[in-house]
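Spelled out from the first residue to the last, the chains are:
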Amino acid sequence: MIHRQSTQELLANSLIDLASTKTIRKITIHDVTHNCHTGRQTFYNYFNSKEDLITWYYTTQMGRCLTDQTLPIEQRITNSLTVIQQQQTFFEKLLQVYDTQFVINLFYRYSVNYCRQSITCKAGLKALTKEIQFDIQFDCYGCACIQIHWIQSQLIEPASYISRRFIASRPSSLNSFF
């Protein structure tokens, strides 16, 4: 089956393609749109900035990996880390251009939202306890920092190893939800 790219995917793939030859800082919106044969207005119909496009790309890719409930959580995490491996150059360049905190926040915000939604859906909760909220934030911040370190160390450890370490370090209060 042929998968037709959405406009957002086309723009994201254009940015990733350009990042293989240019620094992300030097890539302009014009470069992105010209590379994929669209106009600037098309870009701005979907995104306000290059950072919005980067955020959309990351959250979309992680969402594809993590939402398949037929797979065990370890495999879903491994799949999400594999995306980072496959786009290693892009993520390394992202860390070169933006301060580490921007990328940590990107990873952290996605992880927190994913965990909150997963837990509230699985447990049928309307609100999470303060303890669970704290444990989610603690776990997700640690995982975001580890992902950054992993990228900066040229992804030496296999994705499956990092996935197992994420799960092993998770606060026990979260184990029953995943």
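Note that the coordinates shown come from a computational prediction; the quantities given were computed from them, not determined experimentally. (Residues numbered from 1 in each chain as written. Predicted model: local features only at pLDDT ≥ 70, side-chain atom pairs only at ≥ 80, totals over all residues. Heavy atoms only, no water.)

Some details on the overall build of the protein chain
Part 1: A count of helices and strands for the protein chain gives 10 helices and 0 strands.
Part 2: Secondary structure elements of the protein chain, listed N to C terminal, follow the sequence α-α-α-α-α-α-α-α-α-α.
Part 3: Since a compact globule built from 178 residues should have a radius of gyration of about 16 Å, the 17 Å found for the protein chain is in line with a globular shape.
Part 4: For the protein chain, the spread of C-alpha atoms along the principal axes amounts to about 50 × 35 × 35 Å.
Part 5: Split into buried and exposed, the 178 residues of the protein chain put 44% on the buried side.
Part 6: Across the protein chain, the 17 positively charged side chains and the 13 negatively charged ones have centroids separated by 3 Å. (Helix = DSSP H or I, 4+ residues; strand = E, 2+ residues; numbered from the N terminus. Rg over C-alpha atoms; globule rule 2.2 N^0.38 Å. Buried < 20%, exposed > 50% of the residue type's maximum accessible area, 1.4 Å probe, protein only. Lys, Arg positive; Asp, Glu negative; His and termini not counted. Charge placed at Lys NZ, Arg CZ, Asp CG, Glu CD.)

Quick notes on the pattern of salt bridges
Part 1: With the rule as written, the count across this model stands at 2 salt bridges.
Part 2: Arg 64 is the partner of Glu 9 in a salt bridge, and the nearest nitrogen-oxygen pair spans 2.4 Å. Of this pair, Glu 9 sits in helix H1 (residues 7–19) while Arg 64 sits in helix H4 (residues 50–66), and the two are 55 residues apart along the sequence.
Part 3: A relative accessible area of 46% places Arg 64 in the partly exposed class.
Part 4: Two residues, Asp 31 and Lys 22, come together in a salt bridge whose shortest N-O distance is 2.8 Å. (Salt bridge = Lys/Arg side-chain N within 4 Å of Asp/Glu carboxyl O.)

Section: the packing of aromatic side chains
Part 1: Counting across every chain of the model gives 15 aromatic pairs.
Part 2: Measuring from ring centre to ring centre gives 5.6 Å for Phe 43 and Phe 47, while their planes differ by 50 degrees; the resulting arrangement is tilted.
Part 3: Take Phe 47: its relative accessible area is 3%, and that puts it in the buried class.
Part 4: Within the aromatic cluster, the residues linked to one another by ring pairs are Tyr 57, Tyr 58, Phe 90, Phe 91, Phe 107, Tyr 110, Tyr 114 and Phe 178. (Phe/Tyr/Trp six-rings, centres within 6.5 Å; stacked < 30°, edge-to-face > 60°.)

Details of unusual backbone geometry
Comment: phi is negative for the bulk of residues other than glycine, and the bulk of peptide bonds are trans.
Part 1: Its identity as a non-glycine residue notwithstanding, His 37 has a phi of 60 degrees, on the positive side.
Part 2: Examined against the element boundaries, His 37 turns out to sit in the loop between helix H2 (29–35) and helix H3 (40–46).
Part 3: Even without being a glycine, Gln 154 presents a positive backbone phi close to 60 degrees.
Part 4: Relative to the elements of secondary structure, Gln 154 occurs in the loop between helix H8 (130–152) and helix H9 (159–169).

Let's talk about helix H6 (residues 88–97)
Part 1: Where H6 is concerned, the buried positions are Phe 90, Phe 91, Lys 93, Leu 94, Leu 95 and Val 97.
Part 2: Along its buried surface, H6 packs onto H1, H4, helix H5 (73–86), helix H7 (100–123) and H8. (Contact = heavy atoms within 4.5 Å.)

Here's the deal with the layout of surface pockets
Part 1: For the largest pocket, the calculated volume is near 230 Å³.
Part 2: The element best represented in the lining of the largest pocket is H7, accounting for 7 residues.
Part 3: Of the residues contributing to the lining of the largest pocket, the split by class is 5 nonpolar, 5 polar and 2 charged. (1 Å grid on protein atoms, 1.4 Å probe; cavity = no way out; pocket = protein on both sides within 12 Å on 5 of 7 lines; lining within 4 Å. Points joined across faces, edges and corners; volume = space filled by probe spheres on them. Nonpolar A, V, L, I, M, F, W, Y, C, P; charged D, E, K, R; others polar.)

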